[in-house]
Amino acid sequence: QVQLVESGGGLVQPGGSLRLSCAASGSIFSINAMGWFRQAPGKEREFVARITWSGGYTFYADSVKGRFTISRDNAKNTVYLQMNSLKPEDTADYYCAAGNVGTTRSDYWGQGTQVTVSS
């Protein structure tokens, strides 16, 4: 089992920045990748970004490419999502994912952290 704890959400104005963090614990050896998904009110959960645990290869949804950056610190078992140029449509609950992470699935999920982009 892998436990994931997110932090860093909050309220930010359009054009602003936030950094989300996700710390993993437990069976770290089972993690092939970590990533982020988000779910806006009334919408389905959608893929945001993913990074492989070894190699650090990244992949982004088109909607965030060029604005969001995913990174990892293997020593701290932590993944980050730096979000710049935030838009109101980025408002959502953001969920950390780990294990075998695809664009529609993950083995493990965090509890979510809320991001609100509003003036």
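What you see is a predicted model, and the numbers here were worked out from it, not measured in a lab.

A. How the structure looks around the overall build of the chain. When helices and strands are tallied, the chain shows zero helices and eleven strands. Scaling as 2.2 N^0.38, a compact globule of 119 residues should have a C-alpha radius of gyration of about 14 Å, and the chain matches this with 13 Å. A total of 119 residues make up the chain; the buried ones form 45% of that total. Put simply, 53% of the contacts in the chain that link residues at least 6 apart link residues at least 24 apart. Approximately 6,000 Å² of the chain is accessible, and the part contributed by carbon and sulfur atoms is 46%. Distance between charge centroids for the chain: 5 Å, based on 11 positive and 9 negative side chains.

B. Molecular detail of the state of the cysteines. Summed over the entire model, instances satisfying the criterion amount to one disulfide. Each disulfide pairs two cysteine sulfurs, and for C22 the partner residue is C96, the sulfurs being separated by 2.0 Å. What sets the handedness of the C22 and C96 disulfide is the S-S torsion sign, and at about -85 degrees it is left-handed. Here the residue C22 occupies a position in strand β3 (residues 18-26), and C96 occupies one in strand β9 (residues 92-99), the gap between them amounting to 74 residues. Neither residue differs from the other here; C22 and C96 are each classed as buried.

Cut-off values and rules
- Residues numbered from 1 in each chain as written.
- Predicted model: local features only at pLDDT ≥ 70, side-chain atom pairs only at ≥ 80, totals over all residues.
- Heavy atoms only, no water.
- Helix = DSSP H or I, 4+ residues; strand = E, 2+ residues; numbered from the N terminus.
- Rg over C-alpha atoms; globule rule 2.2 N^0.38 Å.
- Buried < 20%, exposed > 50% of the residue type's maximum accessible area, 1.4 Å probe, protein only.
- Contact = heavy atoms within 4.5 Å.
- Areas by Shrake-Rupley, 256 points an atom, 1.4 Å probe, with all protein chains shown as cover.
- Lys, Arg positive; Asp, Glu negative; His and termini not counted.
- Charge placed at Lys NZ, Arg CZ, Asp CG, Glu CD.
- Disulfide = S-S within 2.5 Å.

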